[in-house]
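The residues making up each chain are set out below.
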Amino acid sequence: MSANQRKTQLEQLREEVLERIQRYEAHQRHTRGALDKDLEEQALEIQGDDVVDLLDNEARAELAQIEKALSRIDTHVGDRCEVCGELIETQRFHALPYATRCNECAIP
Ligand SMILES: [Zn+2]
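Our subject in this report is the structure included herewith. Keep in mind that what you see is a predicted model, and the values were worked out from it rather than measured.

The next point concerns the nonpolar core. Counting 13 residues, the largest nonpolar core has L10, V17, I21, A59, I66 and Y98 as the members making the most contacts within it. Of all the secondary-structure elements, those providing two or more residues to this core are α1 (3-32) and α2 (39-74). Broken down by element, this core gets its largest block of residues, 7 residues, from α2. Ignoring any residue separated from it by four or fewer positions in sequence, one finds I66 in contact with L10, L13, R14, V17 and Y98.

This is the structure we're talking about:
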């Protein structure tokens with residue numbers, strides 16, 4: 001996969017993640033505004049909010065990783081492991097387009 005192809009793929013992925021984050025934010029605004037419910041309903045809603053917060057945090061972490069991978073491509077080190085400097089396996093990019101580490105150095 002060429003650097004340009006990876007860049008295009010990452011940019012598309014970034015759009016998707018940004019859309020997801022917007023949906024989570026809309027959900028959070030919507031549910032936190034409602035306070036006139038009975039306790040049971042509120043409890044259920046709070047549980048749901050926690051899940052959304054978790055997904056939101058995940059999406060933000062993913063976005064940060066995508067940005068990082070994109071900036072590494074821009075500085076022509078996108079195909080190198082950030083830890084050991086070896087070339088990152090092509091297969092790894094297929095599994096994880098925003099990989100910045102080789103298989104050896106990847107955090108499990
Ligand atoms: Zn490495």
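So that's the structure; there's more coming.
The subject of this paragraph is the packing of aromatic side chains. Taken as a whole and assessed by the stated rule, the structure comprises 0 aromatic pairs. When the ring centre of F93 is taken as reference, the NZ or CZ atom of R6 above it lies at 3.6 Å.

The next point concerns the coordination of the zinc ion. For a metal bound by four donors in tetrahedral geometry, the ideal donor-metal-donor angle is 109.5 degrees, whereas six donors in octahedral geometry ideally sit at 90 or 180 degrees. All of the protein donors around the zinc ion are C81 (SG), C84 (SG), C102 (SG) and C105 (SG); their distances to the metal are 2.3 Å. Mapping the donors of the zinc ion onto the primary sequence yields the spacing C-x2-C-x17-C-x2-C. One end of the pair, C84, is in the loop between α2 and α3 (90-95); the other, C105, is in the segment after α3, and 21 residues separate them in sequence. Overall, C84 belongs to the partly exposed group, its relative accessible area being 39%. The exposure class of C105 is buried, given its relative accessible area of 19%.

Further remarks concern the pattern of salt bridges. This structure, assessed with the given rule, holds 7 salt bridges. The residue D74 makes a salt bridge to K7 at a minimum N-O spacing of 2.8 Å. Taken together, the residues D74 in helix α2 and K7 in helix α1 connect sequence positions 67 residues apart. Between R101 and E82 there is a salt bridge; the shortest N-O distance is 2.9 Å. With R101 in the segment after α3 and E82 in the loop between α2 and α3, the pair connects residues that are 19 residues apart, well separated along the chain. Each of E25, D56 and R60 takes part in a single network of salt bridges with overlapping partners.

Cut-offs applied
Position labels on residues start from 1 in each chain and follow its written sequence. For this predicted model, a pLDDT threshold of at least 70 governs which residues receive local features, and a threshold of 80 or more governs which side-chain atom pairs are given and counted, while totals over whole chains, interfaces and linings are taken from all residues. In computing side-chain properties, one takes all heavy atoms of the structure into account and sets aside hydrogens as well as water. For our purposes a nonpolar core is just a set of buried Ala, Val, Leu, Ile, Met, Phe, Trp, Tyr and Cys residues, chained together by side-chain atoms within 4.5 Å. Relative accessibility under 20% of the residue-type maximum defines a buried residue, over 50% an exposed one, and the middle range a partly exposed one, all with a 1.4 Å probe and only protein chains included. Helix and strand assignments come from DSSP, with helices taken as H or I runs of at least 4 residues and strands as E runs of at least 2, each series counted from the N terminus. We call two residues contacting when some pair of their heavy atoms lies within 4.5 Å. Note on aromatic pairs: the rings of Phe, Tyr and Trp (six-membered ring only in Trp) are paired at centre separations within 6.5 Å, and the planes decide the class, stacked below 30 degrees, edge-to-face beyond 60, tilted for the rest. A positively charged side chain is recorded as over a ring if its NZ (Lys) or CZ (Arg) lies within 6 Å of the ring centre. The angle to the ring normal must also be within 35 degrees. Here the term donor refers to an N, O or S atom within 2.8 Å of the metal (or 3.2 Å for Na, K and Ca), and because water is left out of the atoms, sites may appear incomplete. In what follows, salt bridge is the name for a side-chain nitrogen of Lys or Arg lying within 4 Å of a carboxyl oxygen of Asp or Glu.

Geometric descriptors of this kind do not, in isolation, establish any biological role.
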